[in-house]
Amino acid sequence: MLRIAVPNKGALAETAAEYLKEAGYNGRRDPKELIVSDPKNDVEFFYLRPRDIATYVGSGALDVGITGRDLLIDSGSDAHEDEPLGFAVSTFRFAGPAGQFAALDDLRGKRLATSYPVLVGGYLAERGIDVHLVKLDGAVESAIRLGVADVIADVVETGTTLRKQGLEIFGEPILRSEAVLIAGPNEAPGLDTLHRRLEGVMVARRYVLMDYDLPSELIEQATAIASGMESPTISPTRDAAWVAVRVMIPREEINHIMDALYELGARAILVTPIHAARL
Ligand SMILES: Nc1ncnc2c1ncn2[C@@H]1O[C@H](COP(=O)(O)OP(=O)(O)OP(=O)(O)O)[C@@H](O)[C@H]1O
Ligand SMILES: O=P(O)(O)OC[C@H]1O[C@H](OP(=O)(O)OP(=O)(O)O)[C@H](O)[C@@H]1O
Ligand SMILES: [Mg+2]
């Protein structure tokens, strides 16, 4: 039985639960449930704090887990990244009061607040920069105003939290993070199936199916507009002058592609969602 660690709360929990549901696994019915078994799929889920997941997986206590890349690195555990999952996307950045910091060198000797001391400490040590790390649990953006730090390093998504505190990012991103599937040091039978199912969820979320009818002489031009994952499926129609085309396209390009195909001469353009996929 594959033992899977999943986030019980926080920024990763809701989407992780949706992914697993879409991948055909049992979820919890009550947020107080800590363990859910799914004998049909031969897996067992353990709902844990996102920050602890890499520790459990790295020690071999659990086989695999879903956490953030930033949390994985900060854990210093032996777990490794198996697959990026494309949600909870953020960058990890330095930020300070507007106009006060421009480069990494400006950090020397400063008090730097973060909830990710191993990630940040490792990054600065590699570059030979000494700071006084101030470890906080969250809401790190308030640390400067409240006088416990001169500068911070934290998760940035839209940048709204920083802006509201009058802070500005500086330097290169420390890390680009997102939710990831992680695995431990031991071989985990069943990991391949979980990996493929989650990949299928990502494809189903990102792509749609587009069907349209097209005068046959326009196939090359239409394929240049939407080429599909490998190659579009082209079927004959009763009218020999027309073909029916089916192609997978990225969800975000639906309207742009429909406009271009219609302009070219395609008609009866239909878009349908994909509920599951295995490529
Ligand atoms: N605004 C955000 N956008 C994208 N990812 C985020 C955001 N906030 C946190 N994350 C990601 O979520 C993970 C942190 O999980 P955690 O459960 O600590 O989230 P949280 O919402 O900060 O929870 P809490 O603050 O209640 O502890 C990290 O991988 C982090 O990069
Ligand atoms: O760039 P933004 O879109 O503003 O998002 C980034 C913020 O979101 C998270 O905060 P969260 O709400 O999880 O609070 P926390 O700092 O206490 O973890 C993160 O720690 C940042 O503070
Ligand atoms: Mg947080």
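Residues numbered from 1 in each chain as written. Chains lettered and ligands numbered in written order. Predicted model: local features only at pLDDT ≥ 70, side-chain atom pairs only at ≥ 80, totals over all residues.

Asker: How should the pairing of strand 13 (residues 233–236) be read in this particular structure?
Answerer: It is a general feature of regular strands that their side chains alternate between the two faces of the sheet. Two strands pair when backbone bridges link them, and strand 13 and strand 14 (residues 242–250) are joined in this way by 4 bridges, in the antiparallel orientation. Considered in strand 14, the bridge of Thr233 is made with Arg246. What sits between the antiparallel neighbours strand 13 and strand 14 is a turn of 5 residues. (Pairing = 2+ DSSP bridges. Helix = DSSP H or I, 4+ residues; strand = E, 2+ residues; numbered from the N terminus.)

Asker: What is the right way to read the confidence of the model for the protein chain from this model?
Answerer: Caution applies to low-pLDDT parts of the model: their predicted coordinates are not meant to be read in detail. When pLDDT is averaged across the protein chain, the result is 97; 100% of the residues are at 70 or more. For this predicted complex, the interface confidence score (ipTM) comes to 0.96, while the overall pTM stands at 0.93. (pLDDT = per-residue confidence, 0-100.)

Asker: What is the right way to read the site of ligand 2 from this model?
Answerer: Near ligand 2 there are 13 residues, and of these Gly138, Val155, Glu157, Thr158 and Thr161 occur at the shortest range. Listing elements by their share of the shell around ligand 2, those giving two or more residues are strand 9 (151–156) and helix 5 (160–164). Take the shell around ligand 2: its biggest share by element is 3 residues, from strand 9. Class assignment of the residues belonging to the shell around ligand 2 gives a composition of 5 nonpolar, 5 polar and 3 charged. (Near = placed C-beta within 6 Å. Nonpolar A, V, L, I, M, F, W, Y, C, P; charged D, E, K, R; others polar.)

Asker: Can you help me understand the UniProt feature "domain: ATP phosphoribosyltransferase catalytic" (unreviewed entry) in the protein chain in this one?
Answerer: UniProt annotation of "domain: ATP phosphoribosyltransferase catalytic" (unreviewed entry) refers to residues 49–188 when read in the numbering used here. A distance of 22 Å separates the end C-alpha atoms of residues 49–188, which is 22% helix and 34% strand. (UniProt positions renumbered as here; feature names shortened; annotations may be inferred.)

Asker: Explain the nonpolar core here, please?
Answerer: In globular proteins that are soluble, nonpolar side chains generally tend to be buried together. In this structure, Val57, Leu112, Ile152 and Ile182 are the most contacted members of the largest nonpolar core, which totals 56 residues. Residues from two domains meet in this core; each of domain 1 (2–87 + 178–189) and domain 2 (90–176) gives at least three. When sequence neighbours within four positions are dropped, the list of residues in contact with Val57 reads Ala5, Leu62, Val64, Gly65, Ala79, Ile182, Ala183 and Gly184. Listed in part, the 14 residues of the second largest apolar core include Ala222, Val245, Met248 and Ala266. (Core = buried A, V, L, I, M, F, W, Y, C linked by C-beta atoms within 7 Å. Buried ≥ 20, exposed ≤ 12 C-beta atoms within 10 Å, placed from the backbone. Domains from an automatic or database assignment. Contact = placed C-beta atoms within 7 Å.)

Asker: Looking at this model, I keep getting lost on the UniProt feature "domain: Histidine biosynthesis HisG C-terminal" (unreviewed entry) in the protein chain. Mind explaining?
Answerer: As recorded in UniProt, the sites labelled "domain: Histidine biosynthesis HisG C-terminal" (unreviewed entry) are residues 204–275. Secondary structure content for residues 204–275 is 29% helix and 40% strand, and the end C-alpha separation is 6 Å.

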